[in-house]
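Summary of structural features
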Amino acid sequence: MLTAKQHELIRFIQQRLEETGVSPSFEEMKEALDLKSKSGVHRLISALEERGFIRRLPNRARALEVIRQPEDATPAPRASAAPASIVPPAANVNVPEPANDVIEIPLHGRIAAGAPIEALEGQSSLPVPAALLGPGEHYALEVSGDSMVEAGIFDGDFALIRRTNTARDGEIVVALVKGEEATLKYLHKDGSLVRLDPANASYDPQVYGADDVEVQGKLAGLLRRYH
């Protein structure tokens, strides 16, 4: 048996999913249930999760899935009908995937957009809208320097990098130089040489032997904070 507040919460989550495709925030759940704090919402969600009514989708913020309704004794498919008290009668209203999924990706320190500097490995993470990433494994680096400004990449931006060790000429890549320094540049291959081109006329291209440069990823997107 669920408590009245647990019933109310699961109905509210299901309603928001069907209306918008996005699970409500903790603040919205707190206000909808007239609770005094978000800790009460956490307790309700944990209780519903333990009893198999909802589940949290991994690596996503604000992503909950209703597995079954309180009236059901067995798990419901994802494309399930909502309780009649929530939406007008309609057969098998499909629950869309959350439209604003946020994924936590590793944040590996700072990377030079100027002279190469060491790319620091870090333990922190960065929440990123999934729509910016696409397929593959990703990580983030904070940009330091101004050599890529003509490509729209500025000091303090977060470069979202798809992990790969191959890239085509003209792509913006994370290049590890001589095994210890990393930089964000346009990649150009010329036989036994690799040229790393800036996007700023004030900087000169950097030329290395092909064996001295290792591609560690290519640019997939950018995040910028405005203060």
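Check the entry above for the structure.
Described in the following lines is the structure provided in the data block. (Residues numbered from 1 in each chain as written. Predicted model: local features only at pLDDT ≥ 70, side-chain atom pairs only at ≥ 80, totals over all residues. Heavy atoms only, no water.)

1. Quick look at the packing of aromatic side chains
Taken as a whole and assessed by the stated rule, the structure comprises 0 aromatic pairs. A cation over a ring is seen here: Arg 68 above Phe 53, with NZ or CZ 4.1 Å from the ring centre. (Phe/Tyr/Trp six-rings, centres within 6.5 Å; stacked < 30°, edge-to-face > 60°. Lys NZ or Arg CZ within 6 Å of the ring centre and 35° of its normal.)

2. Some points on the pattern of salt bridges
With the rule as written, the count across this model stands at 10 salt bridges. With a closest N to O distance of 3.8 Å, Glu 8 and Lys 5 form a salt bridge. Note that Glu 8 and Lys 5 are positioned in helix α1 (residues 4-20) at a spacing of 3 residues, about one turn of the helix. Here Glu 8 falls in the partly exposed class, since its relative accessible area comes to 34%. Owing to a relative accessible area of 32%, Lys 5 belongs among the partly exposed residues under this scheme. Across the salt bridge formed by Glu 27 and Lys 30, the nearest N and O atoms sit 3.6 Å from each other. You can see Glu 27 and its partner Lys 30 sitting in helix α2 (residues 26-32), 3 residues apart, about one turn around the helix. Given a relative accessible area of 30%, Glu 27 falls into the partly exposed group. Judged by its relative accessible area of 16%, Lys 30 is buried. Residues joined in a network through salt bridges with shared partners are Arg 168, Glu 171 and Lys 218. (Salt bridge = Lys/Arg side-chain N within 4 Å of Asp/Glu carboxyl O. Helix = DSSP H or I, 4+ residues; strand = E, 2+ residues; numbered from the N terminus. Buried < 20%, exposed > 50% of the residue type's maximum accessible area, 1.4 Å probe, protein only.)

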